[in-house]
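# Structural characterization, general
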Amino acid sequence: MNVPFVDLVSQYQGLKDQIVPAMENIMSKAQFIMGEDVRKFEQEFAEYCTSKFCVGVDSGTSALELALRAFEIGPGDEVITVANTFIATTLAISATGARPVLVDIHPETYNIDVNKIEAAITPKTRAILPVHLYGQPADMDVINTLAKKHKLIVIEDACQAHGARYKGRRTGCLSDAAAFSFYPGKNLGAYGDGGAVVTNDEHVAEKLRLLRDYGQKQKYQHLIKGYNHRLDTLQAAVLRAKLPYLDDWNTARRRCALKYNAALKETALVVPVDANFAESVYHLYVVRVKERDELLSYLQSRGISAGIHYPIPIHLQPAYADLGYKTGDFPVTEHYAREIVSLPMFPELRDEQINYVAEAIMEFHEEIVA
Ligand SMILES: *Cc1c(COP(=O)(O)O)cnc(C)c1O
């Protein structure tokens, strides 16, 4: 048996009849930039997030960068985020000229340890940028309380958490603004790059619309120095076709996670848990094991694709040598980076595939470790 890490082809097969005509409609009119599909997707996604405004952009990285810029964050400012994340989180901060300040993760949630945020706040801190990593929301009430106390902006990196819930509320309406990615493999994925910022603040939404489109509201009238970071119309059409299925897909992912948890109960693996305040949408299903590299190659030999998210923490990346961090600065992140494995996770994952992965892991322990 082969178990892929994700399976976007089978999802496409099921949706072809809706996606092809939606794209054909745009191509036959040759209206590739902005227009009705972008506007409607923005409305529909804002509604989905129970938020007032959504501004479509060309990637999750742009969404983060423009959200920071919309709050005038830039050179001389510090933005607090987490050491265990995809590098796009910090690259977006760096792109504005601000400095990423890292905080270690909580050992149970793998998200920013909210008890360690206050120690990282300085007079230069302007914002906290928590990441809802692997689909599990960060502890937003604590973060928002800290932000209020220190007069900071909060921007969610929700690029892995479309539809996840924090105390019953959807990500995207839990802070000043939230950034989403529609990279193909995300829980809601386009057929290329795409992203969006969601906010309840009308002025922020207005600023974002300028920033993504050359600083113009009307053609050739440039109010500010903007960028070319618009959401493609073809991608908006794909996203509109897929959005009605997102909740079902997330439910299927949660079901797969529960099946894995049960099947892996007898093994030495540490399985993920939902925090008591969170309902994860399992963008990734991440387990921990001491013999990580051996397990990865064993799974590969059995036709199972697994991954590591992420093998090198941000502060140990050569790209961020300039921040001056060193090994030992974020011990939980560093420890977990050596032990984490992401098992195959996608809504169409079948029970026999989950059982096959679980059996392979049990055999690994019998053959290799014992
Ligand atoms: C995917 C991702 C991003 C960046 O999104 P792109 O659309 O690839 O630019 C940012 N942060 C996190 C946590 C992500 O997983």
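Here's a quick rundown of the structure.

Conventions used here
Residues numbered from 1 in each chain as written. Predicted model: local features only at pLDDT ≥ 70, side-chain atom pairs only at ≥ 80, totals over all residues. Heavy atoms only, no water. Pairing = 2+ DSSP bridges. Helix = DSSP H or I, 4+ residues; strand = E, 2+ residues; numbered from the N terminus. Near = heavy atom within 4 Å. Polar contact = N/O pair within 3.5 Å; in protein donor to acceptor, adjacent residues only side chain to side chain. Areas by Shrake-Rupley, 256 points an atom, 1.4 Å probe, with all protein chains shown as cover. Nonpolar A, V, L, I, M, F, W, Y, C, P; charged D, E, K, R; others polar. Buried < 20%, exposed > 50% of the residue type's maximum accessible area, 1.4 Å probe, protein only. Axes fitted to C-alpha atoms, helices over the stretch in contact; angles between N-to-C directions. Parallel < 35°, antiparallel > 145°, perpendicular 65-115°, else oblique. Left-handed = near helix turned anticlockwise from the far one by under 90°. Contact = heavy atoms within 4.5 Å. Salt bridge = Lys/Arg side-chain N within 4 Å of Asp/Glu carboxyl O.

It is worth spelling out the sheet that holds strand β7 (residues 169-170) at this point. Strands sit in the order β7-β6-β12 across an open sheet of three strands; the sheet is antiparallel. Each of the sheet's edge strands pairs with one partner strand only, and the pair in question is β7 and β12 (278-279). Bridge count between strand β6 (residues 165-166) and β7: two bridges; the pairing is antiparallel. Across the sheet, residue Tyr166 finds its bridge partner in β7, namely Arg169.

For the rest of this paragraph, the subject is the site of the ligand. Near the ligand there are 15 residues, and of these Gly60, Thr61, Asp157, Ser181 and Lys186 occur at the shortest range. Here Gly60 contributes a backbone N or O atom positioned 2.8 Å from an oxygen atom of the ligand. In the model, an oxygen atom of the ligand is placed 2.5 Å from a nitrogen or oxygen of the Thr61 side chain. Protein contact buries 92% of the 380 Å² of open area that the ligand shows by itself. Elements supplying a minimum of two residues to the shell around the ligand: α3 (60-70) and α4 (88-95). No other element matches the three residues that α3 contributes to the shell around the ligand. Each residue belonging to the shell around the ligand can be placed in one class, and the counts come to five nonpolar, eight polar and two charged.

Right, let's get into the environment of Gly14. Relative to the assigned elements, Gly14 resides in helix α1 (residues 8-29). With a relative accessible area of 60%, Gly14 lands in the exposed category. As for Gly14 and Thr89, which are separated by 75 residues in sequence, their C-alpha atoms are 33 Å apart.

Let us now look at the packing of α3 against α4. Running from N to C, α3 and α4 cross one another at 40°; their axes reach a closest spacing of 8 Å. Put simply, α3 runs oblique to α4. For the pair α3 and α4, the crossing hand works out as right-handed. Across from Thr61, Leu64, Glu65, Leu68 and Arg69 in α3, the residues of α4 making contact are Ala88, Thr89, Ala92, Ile93 and Ala95.

Enumeration over the complete set of coordinates arrives at 23 salt bridges. The partner of Lys207 in a salt bridge is Glu72, with the nearest N and O atoms 2.6 Å apart. One end of the pair, Lys207, is in helix α6 (residues 202-212); the other, Glu72, is in the loop between α3 and β2 (78-82), with 135 residues separating them in the sequence. Assessed through its relative accessible area of 56%, Glu72 is described here as exposed. Where Lys167 meets Asp141, a salt bridge forms, and the shortest distance between an N and an O atom there is 2.7 Å. Of this pair, Lys167 sits in the loop between β6 and β7 while Asp141 is found in helix α5 (residues 140-150), placing the two residues 26 residues apart along the sequence. With relative accessibility at 30%, the residue Asp141 sits in the partly exposed group.

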